[in-house]
Amino acid sequence: DLVRSRGLGDVYKRQAMQKKQPVNLLKDPVANTLKRMTIPMIYGMVLLMTFNLIDTFFVSLLGTQPLAAISFTFPVTFSVISLMIGLGIGTSAVIARFLGRDDQESAKNSATAAFYLAGMIVILLSFLGFLFTDELFTLLGAQASLLPLIHEYMDIWYVGSVCLIGPMIGNAILRASGDTKTPSMIMGGAGLINAVLDPIFIFGFGPVPAMGIQGAAIATFISWLFGLAFALFVLTKQKNLIHTHLLNAKEFISSCRTILKIGLPAAGANMLTPIAAAIMTAIAATYGESVVAGFGVGSRIESIACLLVLALSMTLPPFISQNFGAGHMHRVRDAYKASIKFVLLWQILIYVLLIISAPWVASAFAKEEKVAEIIVLFIWILPLGYGFQGVIILTNSSFNALHKPMVALMLSFIRLFICYVPLASLGSYLYGLNGFFVGALLGNLVMAAISYRLFSQQFTKDEFLVEQKVQEESS
């Protein structure tokens, strides 16, 4: 018994030491590596998404009009966020591949250039959005009565959007190096700050006056500022992953070209999502403000329900890129297939949980009975396809990681504008609101089958080419 207990003690010690050691994306077991990378991301994203849902909850207490106004802002804010995510994808893929080749200096140059580039782009986009707020939201279907509320939120949001480069680009750099714990802390910390400040600024507390929907934007701004400061501190002082001096023009342009080669198509693919969301919101607006409000709550529930998919879409690409750079294609294949199988099974469980909790969720986020009915209808239909949506997202992420961003862009376009939106529009035309939701579900099902088949075909070709290249180099 004594020998056995000592043996078990040694096993536990080895396991504890393994957890403390940095993840080796090129050598550690595939499934265990993905688990160690993804779990910290889930913790951070759970906090972030939960606090964002709390944000929506506090705004819903102001009434249906403020909730509808927030719902209208989603496609616009998500457009800027999607662009940053796209640049983050390009940044992560490039840096991870350099690290897989053990080229530290090129990785550091690319990381620094990514910060400069992202800052310039988001400032330009936010300035244009600020100038054309009325025209933009009118085009989305917002009534004139909602425009003042939209201004209260968006005018602050545009000012703070430059801070997005911290949570988006900074976290992408850290993930490329195999560190997912720090990005989790950044996301969770920013979400916690937002959740604490939301009720204070929205409803007022002590010397702080009640600012309504504008208060929600200020809370978001402060949380992003924290994320930017935290990310810069870690990247410069602790990890030494970016330069503290300015890059010269030649290094900046060279690094930007490499990042944009993947980042622009990836950003374009991400930008298609809010465009599709805008069209879907415009269709929902034809049914009235209550449907827009319910659809907006459903969209935020979707972000929670697809949490694991989103976490995997952030941790799978660095793994694939590093192993692609090192020529370990068998590890790439194993990681992709394992992720797809797990996501399909996981989302079935999530669907069951959502069905059970649908009445409670609806009553929590809706003051009006009609809005609650829309939320329940949304939950009964659309989450059934979240597993298929996961297949699409992970396939696109894998193509970007393999430095095939144009294939990912093509798949995104087909999914949104040949499958998802057209089938939802057709369903709405033929069967009303029920058909609108069912059509969107069928769009995800069809596209998942197309995505998986295309990846299998493309990967077989890439694997053959890489193996051939390795044989030529060895000979």
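From a predicted model like this one, the values you see are computed outputs, not experimental measurements. (Residues numbered from 1 in each chain as written. Predicted model: local features only at pLDDT ≥ 70, side-chain atom pairs only at ≥ 80, totals over all residues. Heavy atoms only, no water.)

### Description of the overall build of the protein
Moving on, step 1. Within the protein, the secondary structure is distributed over 16 helices and zero strands.
Moving on, step 2. The C-alpha atoms of the protein give 23 Å as radius of gyration, which agrees with the globular expectation for 475 residues (23 Å, within 12%).
Moving on, step 3. Overall, the protein is about 70 × 60 × 50 Å in size when its C-alpha atoms are taken along their principal axes.
Moving on, step 4. Taken across its 475 residues, the protein has 54% of its residues classed as buried.
Moving on, step 5. In the protein, the proportion of contacts linking residues at least 24 apart, taken out of those at least 6 apart, comes to 81%.
Moving on, step 6. As presented, the protein carries roughly 21000 Å² of accessible surface, and 68% of it is formed by carbon and sulfur atoms.
Moving on, step 7. Once the 31 positive and 25 negative side-chain charges of the protein are each reduced to a mean point, those two points are 11 Å apart. (Helix = DSSP H or I, 4+ residues; strand = E, 2+ residues; numbered from the N terminus. Rg over C-alpha atoms; globule rule 2.2 N^0.38 Å. Buried < 20%, exposed > 50% of the residue type's maximum accessible area, 1.4 Å probe, protein only. Contact = heavy atoms within 4.5 Å. Areas by Shrake-Rupley, 256 points an atom, 1.4 Å probe, with all protein chains shown as cover. Lys, Arg positive; Asp, Glu negative; His and termini not counted. Charge placed at Lys NZ, Arg CZ, Asp CG, Glu CD.)

### Some points on unusual backbone geometry
Moving on, step 1. Of note in this structure, Asp102 is not a glycine but carries a positive phi near 65°.
Moving on, step 2. Positionally, Asp102 belongs in the loop between α3 (64-100) and α4 (104-131).
Moving on, step 3. Judged by relative accessible area, Asp102 falls into the exposed class, the value being 57%.
Moving on, step 4. Residue His403 is not a glycine yet carries a positive backbone phi of 60°.
Moving on, step 5. Along the polypeptide, His403 turns up in the loop between α15 (386-401) and α16 (405-474).
Moving on, step 6. You can call His403 partly exposed: its relative accessible area is 25%.

### Quick look at helix α13 (residues 329-365)
Moving on, step 1. Over its 37 residues, α13 runs only 46 Å from end to end, short of the ideal 54 Å by more than 12%, given 1.5 Å per residue.
Moving on, step 2. In the structure, α13 departs most strongly from a straight axis at Ser357, where the bend amounts to approximately 60° and where the proline Pro359 lies between one and four residues downstream. (Expected span 1.5 Å × (residues − 1). Bend = angle between axes of the 7 residues up to and from the residue.)

### Section: the packing of aromatic side chains
Moving on, step 1. Inspection of every chain in the model, using the stated rule, returns 17 aromatic pairs.
Moving on, step 2. Seen in terms of ring centroids, Tyr116 and Phe252 are 6.0 Å apart; in terms of plane orientation they differ by 40°. Their pairing is tilted. In this pair, Tyr116 sits in helix α4 while Phe252 sits in helix α10 (residues 249-285), placing the two residues 136 residues apart along the sequence.
Moving on, step 3. Ring geometry for Phe295 versus Phe437: centroids 6.5 Å apart, planes at 15°, classification stacked. (Phe/Tyr/Trp six-rings, centres within 6.5 Å; stacked < 30°, edge-to-face > 60°.)

### Quick look at the nonpolar core
Across soluble globular proteins, nonpolar side chains have a tendency to be buried as a group.
Moving on, step 1. Counting 71 residues, the largest nonpolar core has Met280, Ile375, Leu402, Phe436 and Phe437 as the members making the most contacts within it.
Moving on, step 2. Residue assignment for this core shows that the elements contributing at least two residues are α2 (30-60), α10, α11 (289-305), α12 (307-326), α13, α14 (369-381), α15 and α16.
Moving on, step 3. Tallying contributions element by element places α16 first for this core, with 18 residues.
Moving on, step 4. Setting aside residues up to four positions removed in sequence, Met280 forms contacts with Phe295, Tyr420, Val421, Ala424, Phe436 and Ala440.
Moving on, step 5. In this structure, Phe58, Leu140, Leu149 and Trp157 belong to the second largest nonpolar core, which totals 64 residues. (Core = buried A, V, L, I, M, F, W, Y, C linked by side-chain atoms within 4.5 Å.)

### A closer look at the pattern of salt bridges
Any two side chains of opposite charge can pair, on the condition that their charged atoms come close.
Moving on, step 1. Under the criterion given, the structure shown has two salt bridges.
Moving on, step 2. Salt-bridge contacts for Asp179 lead to Lys239; the nearest nitrogen and oxygen are separated by 3.1 Å. Taken together, the residues span a long stretch of sequence, with Asp179 in the loop between α7 (165-176) and α8 (181-203) and Lys239 in the loop between α9 (213-238) and α10 at a distance of 60 residues.
Moving on, step 3. Among the residues examined, Asp179 registers a relative accessible area of 11% and is labelled buried.
Moving on, step 4. Overall, Lys239 belongs to the partly exposed group, its relative accessible area being 37%.
Moving on, step 5. Arg333 is paired through a salt bridge with Asp334; the nearest N and O atoms lie 3.9 Å apart.
Moving on, step 6. Residue class for Arg333 comes out partly exposed when judged on its relative accessible area of 27%.
Moving on, step 7. Judged by its relative accessible area of 37%, Asp334 is partly exposed. (Salt bridge = Lys/Arg side-chain N within 4 Å of Asp/Glu carboxyl O.)

### Some words on the packing of α4 against α7
Moving on, step 1. Orientation of α4 relative to α7, taken along the N-to-C sense of each, is 155°, at an axis distance of 10 Å. If you check the angle between α4 and α7, you find them roughly antiparallel. Here α4 and α7 pass one another in a crossing that is right-handed. Listed contacts from α7 to Ala111, Ala114, Phe115, Ala118, Gly119 and Val122 of α4 are Ile165, Gly166, Ile169, Gly170 and Ile173. (Axes fitted to C-alpha atoms, helices over the stretch in contact; angles between N-to-C directions. Parallel < 35°, antiparallel > 145°, perpendicular 65-115°, else oblique. Left-handed = near helix turned anticlockwise from the far one by under 90°.)

### Some remarks on the environment of Pro207
Moving on, step 1. Inspection of the secondary structure puts Pro207 in the loop between α8 and α9.
Moving on, step 2. Distance in space between the C-alpha atoms of Pro207 and Ile304 is 34 Å, their sequence separation being 97 residues.

### Description of the packing of α3 against α7
When two helices pack together, their arrangement is captured by the angle between the axes and the distance separating the axes.
Moving on, step 1. As a packed pair, α3 and α7 sit with axes 8 Å apart at the nearest point and diverge in direction by 20°. Judged on the interaxial angle alone, α7 and α3 are roughly parallel. In the crossing of α3 with α7, the sense of the turn from one axis to the other is right-handed. Listed contacts from α7 to Ile81, Met84, Ile85, Leu87, Gly88, Thr91, Ser92, Ile95, Ala96 and Leu99 of α3 are Ile165, Met168, Ile169, Ala172, Ile173 and Ala176.
Moving on, step 2. Looking at the contact of α3 with α7, its residues break down into 13 nonpolar, three polar and no charged. (Nonpolar A, V, L, I, M, F, W, Y, C, P; charged D, E, K, R; others polar.)

### Focus on the confidence of the model for the protein
Moving on, step 1. Of all residues in the protein, 91% have pLDDT values of 70 or greater, and the mean over the chain is 85.
Moving on, step 2. The spread of mean pLDDT over the elements of the protein runs between helix α1 (residues 2-20), the lowest at 51, and α15, the highest at 93. (pLDDT = per-residue confidence, 0-100.)

### Quick look at the side chain of Thr38
Moving on, step 1. Of note, Thr38 is situated in helix α2.
Moving on, step 2. If sequence neighbours within four positions are ignored, Thr38 has contacts with Ala311, Leu312 and Thr315.

### Some thoughts on the environment of Met271
Moving on, step 1. Along the polypeptide, Met271 turns up in helix α10.
Moving on, step 2. Using a relative accessible area of 24% as the deciding quantity, one classes Met271 as partly exposed.

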